[in-house]
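Structural overview for review
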Amino acid sequence: NIRKQQAMVFQSPTLLRRTVLGNMEFVNSINKNTNMLGVKSILKKVGLEYFNNKPARLLSGGEKQRLSLARALLIQPKLLLLDEPTANLDPYSLKLIEDIILEENNNGTTIILTTHDMSQAKRLASNIIFINKGRVIEQNSSKDFFIKPKSIEAKKYINGEILL
């Protein structure tokens, strides 16, 4: 039951060998949480409303990531896990995805996002868990983390040093 309330978007999207609409219909048929109006609404939200019949694998990188996010949103998750969701994306896709993340969070969805982009963490995060070498080094509110980090490693990272 808990897994049905979660969705994950990976850094490199894996799409079905179907059209954009076919990808959405497949997820919809499994979860039965929404109807086709919901599918079309989410495609519009991610800026893919005119791509229904386009093969998903022929989309650009940003479009693929937005479709991956759309599939995740279709199940109306309570927890949304995002692994570097905007890595290597064009500014349009980056802004659109960040806006959706903020909107979903404001609507009550818990979001766990991994990012190496400090600016993105400042824009999106309310809490920071700073991990280095596979260990949690610090956990703090976003505001406190960037203004007065507790750990030496976090201070170095915020100052632009490379941690080895």
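See above for the structure.
Looking at a nonpolar patch on the surface
A cluster of nonpolar residues, I129, I131 and V136, forms a patch on the protein surface that exposes about 290 Å² of accessible area. Along the chain, I131 turns up in strand β4 (residues 127-132).

What about the packing of helix α3 (residues 61-74) against helix α4 (residues 91-106)?
Two numbers describe how α3 lies on α4: the axes approach to 9 Å, and their chain directions differ by 15 degrees. The angle between α3 and α4 places the two elements in the roughly parallel class. Read as a crossing pair, α3 and α4 show a hand that is left-handed. In this structure, α3 uses G62, E63, Q65, R66, L69 and L73 to contact α4, whose residues at the interface are Y92, S93, L96, I97, I100 and E104.

What about the pairing of strand β3 (residues 110-114)?
Moving residue by residue along a regular strand, the side chains alternate between the two faces of the sheet. Where strand β2 (residues 79-83) meets β3, five bridges bridge the pair, whose relative direction is parallel. Paired with D83 across the strands is T114, a residue of β3. At this point the chain moves from β2, through α4, to the parallel β3, and the crossover so formed is right-handed.

Remarks on α4
In this model, α4 (16 residues) spans 22 Å end to end at C-alpha, consistent with the 22 Å of a helix rising 1.5 Å per residue. Each element contacted by the buried residues of α4 is listed here: α2 (36-45), α3, β2, β3 and α5 (118-124). Immediately beyond the C-terminal end of α4, within one or two residues, lies G108, with a positive phi of roughly 105 degrees.

A closer look at the environment of T19
Looking at where T19 falls in the secondary structure, it is placed in the loop between β1 (6-9) and α1 (20-31). The spacing of T19 and Q65 is 46 residues in sequence and 14 Å in space, taken between C-alpha atoms. Contacts of T19, omitting those with residues within four sequence positions, involve N52, N53, K54, P55 and A56. Only 2.9 Å separates the side chain of T19 from the backbone nitrogen of G22, close enough to count as a polar contact.

Focus on the packing of α1 against α2
It is at 10 Å that the axes of α1 and α2 come closest, and there the two elements cross at 130 degrees. One way to sum up the angle between α1 and α2 is to call them oblique. Between α1 and α2 lies a crossing of right-handed hand. Together, V20, L21, M24, E25 and N28 of α1 and M36, V39, I42 and L43 of α2 make up the contact between the two elements.

Cut-off values and rules
Residues numbered from 1 in each chain as written. Predicted model: local features only at pLDDT ≥ 70, side-chain atom pairs only at ≥ 80, totals over all residues. Heavy atoms only, no water. Patch = residues over 30% accessible without salt bridge, like charges linked within 9 Å, V, L, I, M, F, W, Y side chains within 5 Å. Areas by Shrake-Rupley, 256 points an atom, 1.4 Å probe, with all protein chains shown as cover. Salt bridge = Lys/Arg side-chain N within 4 Å of Asp/Glu carboxyl O. Helix = DSSP H or I, 4+ residues; strand = E, 2+ residues; numbered from the N terminus. Axes fitted to C-alpha atoms, helices over the stretch in contact; angles between N-to-C directions. Parallel < 35°, antiparallel > 145°, perpendicular 65-115°, else oblique. Left-handed = near helix turned anticlockwise from the far one by under 90°. Contact = heavy atoms within 4.5 Å. Pairing = 2+ DSSP bridges. Right-handed = clockwise from strand over helix to strand, strands pointing away. Expected span 1.5 Å × (residues − 1). Polar contact = N/O pair within 3.5 Å; in protein donor to acceptor, adjacent residues only side chain to side chain.

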